[in-house]
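A closer look at the structure
Here's the letter readout for the chains.
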Amino acid sequence: MYVLVTKELDETYRNVQGGHASIEYTLKYKDSKLFQEWRSDPYLIHLGVRFHSSLKDWKEKLSELNIPHIVWKEPDLDNQETAIACIDTGEIFRQLPLA
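Remember, it's a predicted structure, so these values are computed and weren't measured experimentally.

Procedures and definitions
- Residues numbered from 1 in each chain as written.
- Predicted model: local features only at pLDDT ≥ 70, side-chain atom pairs only at ≥ 80, totals over all residues.
- Heavy atoms only, no water.
- Pairing = 2+ DSSP bridges.
- Helix = DSSP H or I, 4+ residues; strand = E, 2+ residues; numbered from the N terminus.
- Axes fitted to C-alpha atoms, helices over the stretch in contact; angles between N-to-C directions.
- Contact = heavy atoms within 4.5 Å.
- Buried < 20%, exposed > 50% of the residue type's maximum accessible area, 1.4 Å probe, protein only.
- Salt bridge = Lys/Arg side-chain N within 4 Å of Asp/Glu carboxyl O.

Strand pairing within a sheet occurs via backbone hydrogen bonds; the two strands may be parallel or antiparallel. With mixed pairing, the four strands of this open sheet are ordered in space as E2-E1-E4-E3. Each end of this open sheet is capped by a strand with a single partner; those strands are strand E2 (45-49) and strand E3 (69-74). Strand-to-strand, the axes of this sheet are offset by a mean angle of 25°, without reference to chain direction. Contacts from helix H1 (residues 11-29) reach strand E1 (2-6), E2, E3 and strand E4 (80-86), with the element oriented near 135° to E3.

Here's what the structure looks like:
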């Protein structure tokens with residue numbers, strides 16, 4: 001599972017937001033074939049994007065590629081989008097640094 005978080009947030013807060021996103025993804029897609037396959041060899045990789053606006057770009061790209069994903073909106077930050085979680089091969093994220 002890949003989790004994209006905005007690096008505008010403090011490092012600790014990034015990890016919390018990524019945790020929220022990965023749990024939300026699990027709840028939404030737990031019955032999907034993709035999620036069941038991931039469970040046999042689970043991985044969790046947090047990657048950082050520079051700005052909140054970058055999350056929007058990634059959300060659009062994942063939608064265009066029909067990659068199931070969720071976007072976490074943090075209630076304590078006026079429902080601002082702070083993280084995206086998806087299961088993928090990771091090729092599209094090759095240029096992103098670790099969060």
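Right, picking up where we left off after that structure.
On to the pairing of E4, then. Burial analysis of E4 places six of its seven residues in the buried class, which makes it a mostly covered element. The pairing of E1 with E4 spans four bridges and is antiparallel. Residue Leu-4 lies in a different strand from E4, and its bridge partner there is Ile-84. Where E3 meets E4, six bridges bridge the pair, whose relative direction is antiparallel. Note on E4: the bridge partner recorded for Lys-73 is Glu-81. Where E3 folds back on E4, the antiparallel hairpin that results is connected by five residues, among which Asp-78 adopts a positive phi of roughly 55°.

Overall, the coordinates contain three salt bridges when judged by the stated rule. The salt bridge involving Glu-37 is made with Lys-33; its shortest N-O contact spans 3.9 Å. Of the two residues, Glu-37 and Lys-33 both sit in helix H2 (residues 33-40), four residues apart, roughly one turn of that helix. The exposure class of Glu-37 is partly exposed, given its relative accessible area of 44%. For Lys-33, a relative accessible area of 66% translates into the label exposed. The salt bridge involving Lys-59 is made with Glu-81; its shortest N-O contact spans 2.9 Å. A residue pair is termed long-range when its members are at least 10 positions apart, and Lys-59 in helix H3 (residues 52-64) and Glu-81 in strand E4 qualify at 22 residues.

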